[in-house]
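Fold and contact review
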Amino acid sequence: MAAKGSAAQDKGSDKGSKQDEERAGVALTNVDQELFAGAGVTKRQLVDYLERMAPRMLPALAERPLSVVRALRGQKPFMQKNVPKYAPDFVRTVSFWAETSQREVAYALCDDLPTLLWFANQRSIEFHPTLTRADAMDTPEHLVLDLDPPEDAGFDAVVAAAHLVRRALDDAGLEGVVKTTGAKGVHILVPLAPGPTHEDVAGATRALALHTERLDPDVATTAFIKADRGGKVFVDPTRAGGSTIVSVYSPRVRPGLPVSFPVTWDELDSVVPAEITVATAPDRPDPWEDAAARPAPQALPEELIAEGRTIPVARVQAMHEGKRRKRAAEKTAKAGSTDSAE
């Protein structure tokens, strides 16, 4: 098994490279090379980080179909869902039919340290698990609100929107926890008790996003089309069902490798996400280390689910609106062309 993994790793990561060292039975190659241009971080530093954080990171990944973002030398970073055929035997997989690509996709289950380090040797930097476990894909475990700031906004705008989300949750009798995304936004997660369907959670997410927008429409918006957001923080109402989010403790493909990391609600006002990196994250206080300190799984209020069913699905609404605008633009252009001809 180990031999198969060792032979295959060079094929997908650093073709033709010689093994530099071995950890947890996994051969590592080119460990002193920078991960990508401008990263300022070597593969060795990524491996060191993941090895040290594995006790915290693996429980967040275990049993969840995984997509990763890889940064191969000389290529733009890309997301990989399908596990390559050269993967070693110890990498467990689970297959699902993908409607968009009309094929079976074999997702990895990153349940142990060898698998985590094998991904690191493949220059996998970001880890994006599903919100459900492979053996219970119909059982939502979290409601997620993803806050995405406009291009020119500082983190303070996201913080303001996050506190609005917290108020909306409190009004609904719910409690959430917050983490940075390792980029510009934050994720707010509400642990769920068994019972609601994906459709229920999707509806409740739409309702909570709309409640957030109504609390201060100058700060938050649910507009799915970027041009309609008006410089406000987007409260994404679509993270449900088969969605993925970047895992807690996952690095991001950015200079210095910032990390998605839990923070307390009080700390949110002062945290600087860019300072939480693979170099600093392991030594930071971690409010999620003590599971007892996190809210228990909660039941979704029926009235919230019912309200959500009345709110149009953002992606579908945006698609129809995009087509309407395109038709209107084509009609205007045609009329202008006719006028010019006359």
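Residues numbered from 1 in each chain as written. Predicted model: local features only at pLDDT ≥ 70, side-chain atom pairs only at ≥ 80, totals over all residues. Heavy atoms only, no water.

1. Observations concerning the pairing of strand 5 (residues 92–98)
- With seven bridges joining them, strand 5 and strand 6 (residues 103–109) adopt antiparallel strand pairing. Within strand 6, the position partnered with V94 by the bridge is Y107.
- Where strand 5 folds back onto strand 6 in an antiparallel hairpin, the turn is made up of four residues, including Q102, whose phi is positive at roughly 55°. (Pairing = 2+ DSSP bridges. Helix = DSSP H or I, 4+ residues; strand = E, 2+ residues; numbered from the N terminus.)

2. As for the sheet that holds strand 12 (residues 233–236)
- Spatial ordering of the open sheet is given by 11-12-8-10-9-13, a layout of six strands whose pairing is mixed. Looking at strand neighbours, the two that pair on one side only are strand 11 (220–221) and strand 13 (262–263), the edges of this open sheet.
- Summarising the sheet, strand 8 (residues 142–148) and strand 12 pair through three bridges and their orientation is antiparallel. Residue pairing across strands places D146 opposite D236, the latter belonging to strand 12.
- Helix 4 (residues 155–171) rests against strand 8, strand 10 (186–191), strand 11 and strand 12 of the sheet, and its axis sits at about 15° to strand 10. (Contact = heavy atoms within 4.5 Å. Axes fitted to C-alpha atoms, helices over the stretch in contact; angles between N-to-C directions.)

3. Side note on the side chain of D146
- Residue position: D146 is located in strand 8.
- Within the structure, D146 has its side chain in polar contact with the side chain of R239 (distance 3.0 Å).
- With residues near it in sequence (within four places) discarded, D146 still touches V186, H187, F234, V235, D236 and R239. (Polar contact = N/O pair within 3.5 Å; in protein donor to acceptor, adjacent residues only side chain to side chain.)

4. Concerning the environment of W97
- Mapped onto the elements of the fold, W97 is located in strand 5.
- With sequence-adjacent residues up to four places away left out, W97 is seen in contact with Q102, R103 and E104.

5. Some points on the pattern of salt bridges
- Scanning the model with the defined rule gives 18 salt bridges in all.
- As a salt-bridge pair, R92 and D111 come within 2.2 Å of each other at their nearest N and O atoms. Highlighted residues: R92 in strand 5 and D111 in the loop between strand 6 and helix 3 (113–121), separated in sequence by 19 residues.
- Take R92: its relative accessible area is 39%, and that puts it in the partly exposed class.
- By relative accessible area, which is 22% here, D111 ends up partly exposed.
- One salt bridge connects D236 with R239, and the closest N-O pair in it is separated by 3.7 Å.
- A relative accessible area of 9% places D236 in the buried class.
- Because the salt bridges share partners, they merge into one network encompassing E21, R23, D32, R44, D48 and E51. (Salt bridge = Lys/Arg side-chain N within 4 Å of Asp/Glu carboxyl O. Buried < 20%, exposed > 50% of the residue type's maximum accessible area, 1.4 Å probe, protein only.)

6. Examining the confidence of the model for the protein chain
- Model confidence for the protein chain is summarised by a mean pLDDT of 89, while 87% of its residues fall at 70 or above.
- In this model, residues 316–323 is a region of pLDDT below 50 whose contacts with residues beyond four sequence positions or in other chains number four contacts. (pLDDT = per-residue confidence, 0-100.)

7. Quick notes on helix 2 (residues 43–61)
- Helix length check: helix 2, at 19 residues, gives a terminal C-alpha distance of 21 Å against a target of 27 Å (1.5 Å per residue), a shortfall beyond 12%.
- Roughly 75° is the biggest bend found in helix 2, and it falls at A54, with proline P55 one to four residues downstream.
- Along helix 2, the residues that are buried comprise K43, L46, V47, Y49, L50, M53, A54, R56, M57, L58 and L61.
- In this structure, the buried side of helix 2 is in contact with strand 1 (19–23), strand 2 (26–29), strand 3 (65–70), helix 3 and strand 7 (124–129).
- Positive backbone phi, approximately 65°, marks E63, located one or two places after helix 2. (Expected span 1.5 Å × (residues − 1). Bend = angle between axes of the 7 residues up to and from the residue.)

8. Examining the packing of helix 4 against helix 5 (residues 198–215)
- Running from N to C, helix 4 and helix 5 cross one another at 115°; their axes reach a closest spacing of 9 Å. Regarding helix 4 and helix 5, the two cross each other, and that crossing is right-handed. Residue-level inspection shows A161, L164, V165, R167, A168 and L169 of helix 4 in contact with helix 5, the latter providing L208, H211, T212 and L215.
- Class assignment of the residues belonging to the contact of helix 4 with helix 5 gives a composition of seven nonpolar, two polar and one charged. (Left-handed = near helix turned anticlockwise from the far one by under 90°. Nonpolar A, V, L, I, M, F, W, Y, C, P; charged D, E, K, R; others polar.)

9. Some remarks on unusual backbone geometry
- Positive phi, normally seen in glycine, also occurs at E63, with a value near 65°.
- Taking the relative accessible area as the measure of exposure, E63 reaches 26% and is therefore partly exposed.
- Of note in the backbone geometry, Y249 takes a positive phi value of approximately 75° without being a glycine.
- Relative to the assigned elements, Y249 resides in the loop between strand 12 and strand 13.
- Among the residues examined, Y249 registers a relative accessible area of 4% and is labelled buried.

10. Focus on the pairing of strand 12
- Burial of the side chains of strand 12 extends over both faces: V233 and V235 are buried on one face and F234 and D236 on the other.
- Direction of pairing for strand 11 relative to strand 12: parallel, over a ladder of two bridges. Of the residues in strand 12, the one forming a bridge with T221 is F234.

11. Quick word on the packing of aromatic side chains
- Inspection of the entire model under this criterion finds five aromatic pairs.
- Between W118 and F119, the ring centres sit 5.1 Å apart and the planes meet at 65°, which makes this aromatic pair edge-to-face.
- Its relative accessible area of 3% is what places F119 among the buried residues.
- Judged by centre distance (5.7 Å) and plane angle (75°), the ring pair of Y249 and F261 falls under edge-to-face. Linking Y249 in the loop between strand 12 and strand 13 with F261 in the loop between strand 12 and strand 13, this pair joins segments that are twelve residues apart in sequence.
- An aromatic cluster of three or more residues is present, and its members are W118, F119 and F127.
- Positioned over the ring face of Y249 is R56, at 5.7 Å from the centre of the ring.
- The residue whose ring lies beneath R229 is F234, and the NZ or CZ to ring-centre distance is 3.8 Å. (Phe/Tyr/Trp six-rings, centres within 6.5 Å; stacked < 30°, edge-to-face > 60°. Lys NZ or Arg CZ within 6 Å of the ring centre and 35° of its normal.)

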